[in-house]
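This is what each chain is made of:
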Amino acid sequence: MGTRSGRQYLDSLHDDRQIWIDGERVADVTKDRRFAAAERSMAQLYDMQHEPALREKLTYVSPTSGNRVLVRRRDMVKTWMDATCGMFGRSPDFMNIMVTAFACAAQAFGGEDKKYSENIWNYYLHCRENDVAMTHTLINPQVDRSKPVEKQDKDLAAKIVKETDAGIVIRGARMVSTLCAYAHDLLVMPSTYLANSEEARPYAFGFAVAVDAPGLRFICRPSVVPTEAASPMDYPLSSRLDETDAMVIFDDVLVPWERVFIHRDPDMCNGLYNRTGAMPQIMHQFSTKNLSKAEFMMALEFAIARTTKIDAHLHVQGMLAELIQFTEFARACLRASEVDAKPNAAGFTTPAAMPLWTVRMMFPKMFIRMCEIIQTLGAGGLVAVPSYAELSGPMRADVETYFQAVNADARQRIKLFRLAFDAAVSSFSGRQQLYERYYSGDPVRLAGTLYDIYNKEPYIDQITDMLAEIEARSVER
């Protein structure tokens with residue numbers, strides 16, 4: 001197949017998937033207002049692959065089939081992220097890069113049986129040749145967070161309940177599956193630590209399965225897409241970029257053996273991302289997303305500040321300078337990761353991890369501050385901005401007179417401030433802030449991991465040597 005068109009992508013979603021939201025099953029996700037706009041946004045990303053001006057940037061020729069397939073890393077990711085303002089964090093490039101990263105270390109999956117190495121490589125080829133959009137899920141339900149999964153009184157987490165000649169059977173739940181309504185496949189991989197015990201082995205797995213597999217259900221959070229009566233101009237981000245998040249229910253779902261990558265192996269699960277070198281590849285993708293997001297938020301606040309000329313004030317310039325710092329920080333770290341990239345054990349180029357770790361840890365705080373700056377500088381203008389419909393309603397004359405600014409007429413100012421409201425104040429923005437806090441893991445545990453893996457010895461030795469030198473000099477005196 002190679003690269004899909006937008007039309008082919010939308011047609012591929014007509015299957016038997018079970019997407020539940022607001023107490024009902026959605027018959028056709030491509031026509032339901034809670035999903036359709038975001039799916040059209042996805043289709044536009046697929047169509048971009050076929051635009052003559054972007055084709056070389058977004059695709060390359062498959063070395064096996066000769067078809068053109070996704071990937072051209074940063075340029076490709078940046079092009080898509082710029083098209084979505086960095087707000088569509090789980091667009092298909094995210095999972096494509098994750099699977100590619102695992103495939104680049106396929107040998108690591110063959111600990112107990114080499115067939116699992118072959119499975120992850122073959123799945124990568126399948127995704128590449130068929131332009132597969134994937135969702136994924138890593139986390140067990142929040143039931144009793146004081147105990148490990150195998151010790152919990154209420155056994156609700158997804159686990160292997162039996163093996164058959166055809167594959168493994170999974171029962172239970174996982175969270176959070178973002179993009180589930182728009183994906184073809186679900187990738188289920190480990191994240192939290194598992195004890196190396198017989199009790200924990202049923203929870204130690206990794207696999208891929210079609211989203212319409214029998215017994216697989218997705219229960220979605222309420223949509224942030226506005227009501228049908230609202231104009232997309234009032235909610236320009238949430239109306240088209242709600243990725244959707246869901247709990248995944250496995251009701252005795254059969255996973256074919258050829259789609260199993262880890263089987264009852266806690267040691268393989270623990271430290272998988274760092275051991276395979278997958279994490280730097282993944283961080284490179286979302287650092288690119290973060291750069292696009294920072295650029296968008298910075299551009300939005302520049303425009304707001306210029307509209308009412310508040311950028312003439314020094315304290316406002318100080319806040320705008322913060323946005324510049326955030327943007328250039330993300331850009332510098334991304335480039336540093338590429339300059340210091342090295343081959344992994346299998347010879348595949350891997351970005352340097354530490355610059356990307358700093359983005360991973362710092363950007364959630366940065367994004368929340370970006371929203372705060374927009375709220376601070378937009379101030380009452382964000383609270384009082386009317387609906388776009390007022391520009392054509394009975395109060396049109398009043399609106400055109402009293403909602404203008406020194407550098408913008410009323411129409412332009414309302415459009416700009418509605419965009420700012422959606423980016424920094426709305427439910428969509430709240431979800432984005434929560435997403436940035438937690439999408440790559442618990443920030444406390446991540447901080448501990450960063451401390452553990454960071455090479456501290458040269459710096460400790462530096463202090464030790466300095467103190468020894470000072471002591472030696474004092475003795476000489």
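Residues numbered from 1 in each chain as written. Predicted model: local features only at pLDDT ≥ 70, side-chain atom pairs only at ≥ 80, totals over all residues. Heavy atoms only, no water.

## Here's the deal with the overall build of the protein
Each helix and strand counted, the protein has 17 helices and 14 strands in total. Over its C-alpha trace the protein gives a radius of gyration of 25 Å, about what one expects of a compact globule, namely 23 Å for 477 residues. Taking the principal axes of its C-alpha atoms as reference, the protein extends roughly 85 × 75 × 50 Å. Considering only residue pairs separated by 6 or more positions, the protein has 75% of its internal contacts joining residues 24 or more positions apart. Taken as a whole, the protein presents about 21700 Å² of accessible surface, with 54% of it coming from carbon and sulfur. Distance between charge centres in the protein, computed from 55 positive and 61 negative side chains, equals 2 Å. (Helix = DSSP H or I, 4+ residues; strand = E, 2+ residues; numbered from the N terminus. Rg over C-alpha atoms; globule rule 2.2 N^0.38 Å. Contact = heavy atoms within 4.5 Å. Areas by Shrake-Rupley, 256 points an atom, 1.4 Å probe, with all protein chains shown as cover. Lys, Arg positive; Asp, Glu negative; His and termini not counted. Charge placed at Lys NZ, Arg CZ, Asp CG, Glu CD.)

## Quick look at the packing of helix α4 (residues 73-83) against helix α5 (residues 92-104)
Taken N-terminus to C-terminus, the directions of α4 and α5 make an angle of 155 degrees; their axes are 10 Å apart at the nearest point. Relative to α5, the element α4 is oriented roughly antiparallel. Every residue of α5 that contacts α4 at R73, M76, V77, W80 and M81 is listed here: P92, D93 and I97. Broken down by class, the residue content of the contact of α4 with α5 amounts to six nonpolar, no polar and two charged. (Axes fitted to C-alpha atoms, helices over the stretch in contact; angles between N-to-C directions. Parallel < 35°, antiparallel > 145°, perpendicular 65-115°, else oblique. Nonpolar A, V, L, I, M, F, W, Y, C, P; charged D, E, K, R; others polar.)

## Remarks on the pattern of salt bridges
Scanning the entire structure with this criterion turns up 31 salt bridges. A salt bridge links E24 to R34, with the nearest nitrogen and oxygen atoms 2.5 Å apart. Placement of E24 in strand β2 (residues 24-25) and of R34 in helix α2 (residues 33-48) is noted, with a sequence separation of 10 residues between them. What makes R34 buried here is its relative accessible area of 8%. Notably, a salt bridge pairs R128 with E129, separated by 2.8 Å at the nearest N-O pair. Its relative accessible area of 9% is what places R128 among the buried residues. Connected through salt bridges with shared partners, the residues K78, D82, E295, E328 and R331 form a single ionic network. (Salt bridge = Lys/Arg side-chain N within 4 Å of Asp/Glu carboxyl O. Buried < 20%, exposed > 50% of the residue type's maximum accessible area, 1.4 Å probe, protein only.)

## Notes on the sheet that holds strand β8 (residues 185-188)
Ordered by their spatial adjacency, four strands build an open sheet running β5-β8-β9-β12, and the pairing between neighbours is mixed. Pairing within the sheet leaves two strands with one partner each, and these edge strands are β5 (134-137) and β12 (260-263). For this sheet, the mean inter-axis angle between neighbouring strands, taken without regard to orientation, is 20 degrees. The sheet contact formed by strand β9 (residues 205-210) and β12 spans three bridges and is antiparallel. Paired with F205 across the two strands is H263, which belongs to β12. This element, α5, spans β5 and β8 of the sheet and lies at about 70 degrees to β5. (Pairing = 2+ DSSP bridges.)

## Details of the sheet that holds strand β6 (residues 159-163)
One open sheet accounts for six strands, arranged β2-β1-β10-β11-β7-β6; its pairing is mixed. Of all strands in the sheet, those with a lone pairing partner are β2 and β6, marking the two edges. In this sheet, strand β11 (residues 246-256) lies alongside strand β7 (residues 167-174) in antiparallel orientation, the contact comprising seven bridges. Each residue of the ladder has a partner; that of I168, found in β11, is V255.

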